[in-house]
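# Chain and residue survey
Listed here are the chains, written in short residue letters.
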Amino acid sequence: MAEGAQQRCFVWYDLLTSDPDAATGFYGELIGWGTQPWEGGSQPYLMWTNGENPMGGVMQLPEDAAKAGAPPHWLAYVATPDTKATVARATELGACVLVQPTDIPEAGQFAVLQDPQGATFAVYTSAQDSPGAEFTPAIGEFSWHELATTDYEAAFDFYHKLFDWDQTESMDMGEAGTYQMYGAQGSGKSSGGMFNKPAEMPGPPAWLFYVKVEDVNAAVEKVKELGGQVLNGPMEVPGGDMVAQCMDPQGAAFALHSSAASSG
C-alpha cells in the first residue's frame, strides 16, 4: 500500500457502553443512524450506518474496563498505512499502548493508545486500499474532533509528529487560553481543535467528537426527551455554526454541531 494511500485522519468511531441496545435506540432516534451486525469478531458488534455507509460501531464496555472505572465512552480511530509502525513511533514519542496491534479478520489491524497527556485514541490500517476522502462531513457524520488536554502545545507536537497534522487557525479564548485548530497534512481544512482544559472540567484529558445535525437547537431538545443530558450549549461559535456538548443516558460524552447554512 502506498504511504499516502490513507489520510491520517479519524475514520471510524466506536461506542463502548454499558447498554448497547439502549444506546442504539438513543442515537437512532437522535441522529437517525441505523445498525448492521458484523459477524467477523468473537464478540457481538453492531456497526453504525449513516444511510448506506458504515461509520463506526457499538459494543459492550468490557467488564475489566468497567471495573477499573472506565465510563461508557466514544473511541475514534485514525487511519494509518501501518499500525505496527505507528504504534512503535507513538511509544517513542511517549504514548502508552493500551491494546497491542490486533488483527481483525478480513478487515485490517488496529491498536489503542494513550497520548502522553493521557487521552485515549486508536489507530487502524484497513486491509483494503481506500484513499482518504475530502473532509466535507454530511449530516449524521462526525464533523469535529476536539481534544481537551493539560498541555495543548505538547499534545499538538505529539500528533503532528505521529500523523503529520498541520496547525491551521487558532483562537484566543481570553482567560481560557488558546484554542488551536488542526487538519490533515496539506488539506488546508480544520478538522478539530485542541485546548487546555480548565480546572473545573472533570476527568482526565479526552477526545470529544461532534456529530453534524440539521439543527442543534432542535437536537438538544431531543437529547433531553430521550433521557440524555445537555452539558453545555447550544452556543454559537465564530462563523455562525452552533454546537452543544451532551451526555447520552449511559454516560458517554458526545457533541452536536450544525453549520450556519443548515441551522438558520
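Overview of the structure. These numbers come from a predicted model, not from an experiment. Note that residues are indexed from 1 along each chain, following the sequence as it is written. It should be noted that, the model being predicted, local features are given only for residues of pLDDT at least 70 and side-chain atom pairs only at 80 or more, the latter also being counted only at that level, while totals for whole chains, interfaces and linings use all residues. Heavy atoms throughout the structure, all of them, feed into the side-chain values; hydrogens and water do not.

In DSSP terms, a helix is any run of H or I states spanning at least four residues, a strand is any run of E spanning at least two, and both are numbered starting from the N terminus. When its secondary structure is counted, the protein shows six helices and 16 strands. Against the compact-globule benchmark of 18 Å for 264 residues, the protein has a radius of gyration of 18 Å, which places it among compact chains. We call a residue buried when its accessible area falls under 20% of the maximum for its residue type, exposed when it is over 50%, and partly exposed in between, using a 1.4 Å probe and counting protein chains only. Each of the 264 residues in the protein was classed as buried or not, and the buried ones make up 45%. When contacts within the protein are restricted to residue pairs at least 6 apart in sequence, long-range pairs at least 24 apart make up 57% of them. Think of it this way: Lys and Arg go in the positive column, Asp and Glu in the negative one, and His and the chain ends go nowhere. By convention, charge coordinates are those of NZ in Lys, CZ in Arg, CG in Asp, or CD in Glu. One way to put it: in the protein the 10 positive side-chain charges average out to a point 3 Å from where the 34 negative ones average out. The size measure is the radius of gyration over C-alpha atoms, and the globule rule it meets is 2.2 Å times the number of residues to the 0.38 power. Contacts were defined at the residue level, with two residues in contact if any of their heavy atoms lie within 4.5 Å.

On to the pattern of salt bridges, then. Salt bridges are counted wherever a side-chain nitrogen of Lys or Arg sits within 4 Å of a carboxyl oxygen of Asp or Glu. For the coordinates displayed, the defined rule picks out five salt bridges. Across the pair Glu-92 and Arg-89 runs a salt bridge, and its minimum N-O distance is 3.1 Å. Here Glu-92 and its partner Arg-89 are both found in helix α3 (residues 83–92), three residues apart, which amounts to about one turn of the helix. Residue classification places Glu-92 among the exposed residues on the basis of a relative accessible area of 60%. Judged by its relative accessible area of 33%, Arg-89 falls in the partly exposed class. The partner of Lys-161 in a salt bridge is Asp-157, with the nearest N and O atoms 3.1 Å apart. A residue pair is termed a helical-turn pair when its members lie 3 or 4 positions apart in one helix, as Lys-161 and Asp-157 do in helix α4 (residues 152–163) at four residues. A relative accessible area of 40% means that Lys-161 is categorised as partly exposed. Residue classification places Asp-157 among the partly exposed residues on the basis of a relative accessible area of 34%.

If DSSP finds at least two bridges between two strands, the strands pair. An order of β2-β3-β4-β1-β5-β8-β7-β6 is seen for the eight strands of this open sheet, with the pairing classed as mixed. The open sheet terminates on both sides in strands that have one partner only, identified here as β2 (34–37) and β6 (96–104). For this sheet, the mean inter-axis angle between neighbouring strands, taken without regard to orientation, is 25°. Relative to strand β4 (residues 53–60), strand β1 (residues 10–17) runs parallel, the two being bridged by five bridges. When the bridges of β4 are listed, Leu-15 appears paired with Val-58. For helices, the fitted axis covers only the stretch in contact; all axes are lines through C-alpha atoms, and the angles between them, taken along N-to-C directions, range from 0 to 180 degrees.

Let's shift gears to the packing of helix α1 (residues 20–31) against helix α5 (residues 216–225). Contact geometry for α1 and α5: axes closest at 10 Å, N-to-C directions at 155°. Relative to α5, α1 is oriented roughly antiparallel. The two elements α1 and α5 meet at a crossing, and its hand is right-handed. For the pair α1 and α5, the contacting residues are Phe-26, Glu-29 and Leu-30 in the first and Ala-219, Lys-222 and Val-223 in the second. Lys, Arg, Asp and Glu make up the charged group, whereas Ala, Val, Leu, Ile, Met, Phe, Trp, Tyr, Cys and Pro make up the nonpolar group; the residues left over, Gly among them, are polar. Each residue belonging to the contact of α1 with α5 can be placed in one class, and the counts come to four nonpolar, no polar and two charged. Roughly parallel here means an angle under 35 degrees, roughly antiparallel means over 145, roughly perpendicular means 65 to 115, and every remaining angle is called oblique. Handedness of a crossing is defined here by the sense of rotation of the near helix relative to the far one, left-handed for an anticlockwise turn of less than a right angle and right-handed for a clockwise turn.

As for its position among the elements, Ser-190 is in the loop between β11 (178–183) and β12 (192–196). Polar contact is defined as a pair of N or O atoms within 3.5 Å, subject to the rule that within protein one atom must be able to donate a hydrogen and the other to accept it, and that residues adjacent in sequence are counted only when both atoms are side-chain atoms. A distance of 2.6 Å separates polar atoms of two side chains, one belonging to Ser-190 and the other to Thr-168. In terms of polar contacts, Ser-190 uses its side chain to reach the side chain of Glu-169, at 2.5 Å.

With that out of the way, let us pick up the pairing of β11. For a regular strand, side-chain orientation follows a simple rule: the groups alternate between the two sheet faces. Within β11, five of the six residues are buried, which leaves the element mostly enclosed by the surrounding structure. As paired strands, strand β10 (residues 166–172) and β11 are joined by five bridges and run antiparallel to one another. If you follow Asp-166 over to β11, its bridge partner there is Gly-183. Here β10 folds back onto β11 in antiparallel fashion, the turn holding five residues, of which Gly-174 has a positive phi close to 70°. Pairing analysis gives three bridges linking β11 to β12, with the strands arranged antiparallel. For Gln-180, the partnering residue across the bridge sits in β12 and is Met-194.

The next thing to look at is α5. Each α-helix turn comprises 3.6 residues. Residues three or four places apart therefore point the same way. Buried within α5 we find Val-216, Ala-219, Val-220 and Val-223. Along the axis of α5, the buried positions cluster into a sector of 100°, meaning they face one direction only. Residues of α5 that are buried in the fold lie against α1, β14 (229–236), β15 (242–247) and β16 (253–258). A side-chain oxygen of the first residue of α5 lies 2.9 Å from the backbone nitrogen of Asn-217; this N-cap is Asp-215. The directions from the helix axis to the C-beta atoms are what the arc is built from.

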